[in-house]
Amino acid sequence: MAGMASRIAEAGVLGARGNSGMMLSHYFLGFAEGLEGRDRAGPEDLATAMRRASNSLYQAVDQPIEGTILTVVREATEEVERFSLIVHGLEELARRWLGAARDSLKRTPDLLSVLREANVVDAGAKGFVCFVEGMVGLIDGDTTRPKQVPGAALEMRDVAAEVAFPEDGGRAFRFCSEFIVRGDPPEQRAMQEAVRELGGSLIVTRAHSVAKIHIHTDQPAEVERALAALGCSVECVKAEDMRAQHETRRRLAKRKLAVVTDSTCDLPPELIIEHDITVVPLTAIFGERSFLDQVDITHEEFLERLLDPDHPQPTTSQPSPAQLIEGYRRAAEHAGDVLGIFVGGALSGTLGQAQAAASRFEGAVVRVFDSRAASLGLGFQVLRAAELAEEGCGIEEIVGELERLRPRSGLFITVDTLTHLQRSGRVGKAKAFLGGLLDLKPVLSLDEEGFLVPAGHVRGSEALVPKVIELVRQSLPAEPGRLRMAVAHVGCEGMAEELAGIVGREFDADEVLVRPAANVIAAHLGPGAWGVFYQAQ
């Protein structure tokens, strides 16, 4: 028990993002301290550990504000302490914990005027409730999405960031920065004193071999230098420009249209967040276990299972109509119209499901567009549509631009082995071509209708990159204009990074992304696959 709690605490420190994330990592640290030396724990032991966790959370914040995650953690802990004296089973204790957390969340607007006036709850407090819901769901064998908190507003704001440190002492610092200190970090107080004068919203979290510092500042580099002066090995993991984020939110609030896509788009999370794109996940299936792509399973975890001979080979499934309707609903909260751009209909049943869901959706006008592409071929269309939406363009104008861009876009992919592709049944018009390759390496593309077709082949892997470069050069328009390019890969990041450098130099691209392919794409292409994508605006 102690070992598990310690590992959770360290993972919490490393994985924390933002004020509320840092606060939750303090909760894990205090919880681990409360269970130190224990192999097992009963109700009273857990209540003691939760009290230690709650106290640790309050101590982490210079200016505790009630109505945030602090309140929900404290009141839920108080209920656990009372109930632990009369209960013998952990299941009932966990349900009592969840009930108290939900009740506390519903009361938080009464404690904080900014919540009450906006009719919202604090995002960090809601996040903690969802965390407890997940635990209780696992105990009850219910791994479906947590239910909405009864009686609580659906909208959330990060009050931990907005209110807990009002104006950062009269100043609005520009960067939300986070740093990791590894090895043998100094004491928490020493790190606090070293950087306190450089900003506000300071939270320092320290585990055994790692520490994390969150601070709002105008000088991230100075914070890094101050920590290094303590003899620390320091890594800056985030320096987000909050003024730019605020401007983006203000700009997005004026949009006529919101964009929905699926998880095969392979866009990086920062672009999805920046352009407020709604992503509906597909599903990867190993035997009897199902995983929402990039929600329930990471790229690394998927690749590990894919390479493990003891695991069944994966299959995939498109989103359900309910998932797509939920995606449309989320998008329609911020715009009058919704444009859904999905993986090509020749490659997946997702498009058909999306069209069926759109016909049943009543919250906004929904138009579904067949990208006739996948991976970053889809992603580039989604990104362009989102940019145009931010400029105030409507559905017809954006669809017209996407149709103009389709013949000015393309992709060339290759696989290390044909096994996964042939088993998937997605080979389309390339079936005979692939069957006759034997020891040759294929290069595949998509035709005008989005079907997989042969583009060429070479003998030996070393000839693949020159062949693909040649094919891209032949396919690019004479005057490409703004040129977006990308390399997607399945478990060969080093090679992909090197190829991205070659692509950028060869074609003088305006930008080159490098991304791991979505898990549901990796299931069909197999390890070692990679592809080059372009969009010539």
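Everything below is about the structure shown above.
Read on for an overview of the structure. (Residues numbered from 1 in each chain as written. Predicted model: local features only at pLDDT ≥ 70, side-chain atom pairs only at ≥ 80, totals over all residues. Heavy atoms only, no water.)

**Remarks on the packing of helix H4 (residues 69-84) against helix H7 (residues 123-139)**
Put simply, the rule reads: Fitted lines through C-alpha atoms serve as axes, helices being fitted only where they are in contact, and the angles separating the N-to-C directions of these axes extend from 0 to 180 degrees. Put simply, DSSP marks the helices as runs of H or I at least four residues long and the strands as runs of E at least two long, and each gets a number from the N terminus on. Whether two residues are in contact is decided by their heavy atoms, any of which lying within 4.5 Å being enough. Charged residues are taken to be Asp, Glu, Lys and Arg, nonpolar residues to be Ala, Val, Leu, Ile, Met, Phe, Trp, Tyr, Cys and Pro, and polar residues to be all remaining types, Gly included.
Orientation of H4 relative to H7, taken along the N-to-C sense of each, is 35°, at an axis distance of 7 Å. Here H4 contributes Ile 69, Val 72 and Val 73 to the contact with H7, which in turn contributes Gly 124, Ala 125, Phe 128 and Val 129. When its residues are assigned to classes, the contact of H4 with H7 shows six nonpolar, one polar and no charged.

**Some points on unusual backbone geometry**
Positive phi is not limited to glycine here, since Asp 276 has a value of about 55°. Its location among the elements puts Asp 276 in the loop between helix H13 (269-274) and strand S8 (278-280). A positive phi angle, close to 50°, is found at Ser 375, a residue other than glycine. Among the secondary structure elements, Ser 375 is positioned in helix H17 (residues 375-390).

**Focus on the sheet that holds strand S9 (residues 283-286)**
Working definition: the strands of a sheet are paired by backbone hydrogen bonds and lie parallel or antiparallel to each other. Our working definition: DSSP bridges decide pairing: two strands pair if at least two such bridges lie between them.
Judged by pairing direction, the sheet is antiparallel, and its three strands sit side by side in the order S10-S9-S11 without closing on themselves. At either margin of the open sheet sits one strand with a lone partner, and together these are strand S10 (289-292) and strand S11 (315-317). On average, adjacent strands in this sheet sit at an angle of 30° to one another, irrespective of strand direction. As paired elements, S9 and S10 share four bridges and run antiparallel to each other.

**Thoughts on the packing of aromatic side chains**
Under the convention used in this document: Ring pairs shown here join Phe, Tyr and Trp side chains whose ring centres sit within 6.5 Å, with only the six-membered ring taken for Trp; geometry is labelled stacked below 30 degrees between planes, edge-to-face above 60, and tilted in between. Remark: exposure states derive from per-residue accessible area (1.4 Å probe, protein chains only) relative to the maximum for the residue type, with buried under 20%, exposed over 50%, and partly exposed in between.
Counted according to the given criterion, the structure contains eight aromatic pairs. Both rings, one in Phe 128 and one in Phe 131, keep their centres 6.1 Å apart while their planes meet at 40°; by these two values the pair is tilted. Highlighted residues: Phe 128 and Phe 131, both in helix H7, separated by three residues, approximately one helical turn. Here Phe 131 falls in the partly exposed class, since its relative accessible area comes to 27%.

**Remarks on the nonpolar core**
Keep this limit in mind: Among buried residues, the Ala, Val, Leu, Ile, Met, Phe, Trp, Tyr and Cys ones that are joined through side-chain atoms within 4.5 Å form a nonpolar core.
Ranked by internal contacts, the top residues of the largest apolar core, which has 54 residues, are Leu 267, Phe 302, Leu 339, Ile 341, Ile 398 and Phe 533. It is H17 that contributes the most residues to this core, nine residues altogether. If we skip the residues at most four places from it in the chain, Phe 533 touches Ala 374, Ser 375, Leu 376, Gly 377, Phe 380, Gly 410, Leu 411, Ile 413, Arg 484, Met 485, Ala 486 and Ala 488. By size, the runner-up hydrophobic cluster in this structure holds 45 residues, among which are Leu 70, Leu 105, Phe 128 and Val 132.

**Some words on the environment of Ala 364**
The residue Ala 364 is located in the loop between helix H16 (350-360) and strand S13 (365-370) in this model. For Ala 364, a relative accessible area of 17% puts it in the buried group. For the pair Ala 364 and Tyr 328, spaced 36 residues apart in sequence, the C-alpha separation works out to 8.2 Å. Apart from residues no more than four positions distant in its own chain, Ala 364 is found in contact with Ala 332, Gly 336 and Val 338.

**Describing the pairing of S13**
For the record, the criterion: Handedness of a crossover: with both strands directed away from the viewer, a clockwise path from the first strand across the helix to the second marks it as right-handed.
In this structure, strand S12 (residues 337-342) lies alongside S13, joined through six bridges in parallel fashion. When the bridges of S13 are listed, Gly 340 appears paired with Val 368. You can see the chain leave S12, run along H16 and come back into S13, and the turn it takes is right-handed.

**Quick word on the sheet that holds strand S6 (residues 233-241)**
Spatially, four strands are ordered S4-S5-S3-S6 in an open sheet, and the strand pairing comes out antiparallel. Looking at strand neighbours, the two that pair on one side only are strand S4 (199-206) and S6, the edges of this open sheet. Direction aside, the axes of adjacent strands within the sheet are offset by 15° on average. When S4 meets strand S5 (residues 210-217), the two strands line up antiparallel, connected through six bridges.

**A few points about a negative patch on the surface**
Rules: A patch consists of residues whose relative accessible area exceeds 30% and which take part in no salt bridge; residues with like charges are grouped when within 9 Å of each other, and nonpolar side chains (Val, Leu, Ile, Met, Phe, Trp, Tyr) when within 5 Å. Computed with a 1.4 Å probe, the accessible areas rest on the Shrake-Rupley method; for each residue, only the protein chains presented here act as cover. Put simply, a salt bridge is a Lys or Arg side-chain nitrogen that is within 4 Å of an Asp or Glu carboxyl oxygen. Only four residue types enter the tally: Lys and Arg on the positive side, Asp and Glu on the negative side; His and the chain ends are excluded. Positions of charges follow a simple convention, taking NZ of Lys, CZ of Arg, CG of Asp or CD of Glu.
On the surface, a cluster of negative charge is contributed by Glu 300, Glu 301, Glu 304, Glu 493 and Glu 497. At the level of elements, helix H14 (299-307) and helix H22 (493-507) are the ones that each hand at least two residues to the negative patch. Broken down by element, the negative patch gets its largest block of residues, three residues, from H14. Of note, Glu 300 is situated in helix H14.

**Topic: the side chain of Asn 519**
Here Asn 519 shows up in helix H23 (residues 519-525). Overall, the relative accessible area of 1% leaves Asn 519 in the buried class. Once you skip the residues sitting within four places of it in the chain, Asn 519 turns out to touch Asp 293, Gln 294, Ile 297, Thr 298, His 299 and Phe 302.

**Brief notes about the packing of H4 against helix H5 (residues 90-111)**
Relative orientation and spacing of two packed helices are given, respectively, by the angle between their axes and the distance between those axes. Going by this rule: Handedness of each helix crossing follows the sense of rotation of the near helix against the far helix: counterclockwise by less than a right angle gives left-handed, clockwise gives right-handed.
Packing of H4 against H5 leaves a shortest axis separation of 8 Å and a crossing angle of 145°. For the crossing formed where H4 meets H5, the hand is right-handed. Of H5, the residues touching H4 (which contributes Thr 71, Val 72, Glu 75, Ala 76, Glu 79, Val 80, Phe 83 and Ser 84) are Glu 92, Leu 93, Arg 96, Trp 97, Ala 100, Ala 101, Ser 104, Leu 105, Arg 107, Thr 108 and Leu 111. Tallied by class, residues from the contact of H4 with H5 come to ten nonpolar, four polar and five charged.

**Let's talk about the pairing of strand S18 (residues 511-516)**
Residues Glu 511, Leu 513 and Arg 515 of S18 are buried on one face, while the alternating residues Val 512, Val 514 and Pro 516, pointing to the opposite face, are not. As paired strands, strand S17 (residues 483-489) and S18 are joined by six bridges and run parallel to one another. Residue pairing in the sheet places Val 487 in a bridge with Val 514 of S18. Of the crossover connections in this fold, the one passing from S17 over H22 to the parallel S18 is right-handed.

**Comments concerning H17**
Using the following cut-off: A helix is expected to reach a length of 1.5 Å times the quantity of its residues less one.
The first and last C-alpha atoms of H17 sit 23 Å apart over 16 residues, in line with the 22 Å expected at 1.5 Å per residue. The buried fraction of H17 is high, at 16 of 16 residues. Phi turns positive one or two residues past the end of H17, at Gly 392, with a value near 95°.

The quantities given are spatial measurements derived from coordinates; they are silent on function.
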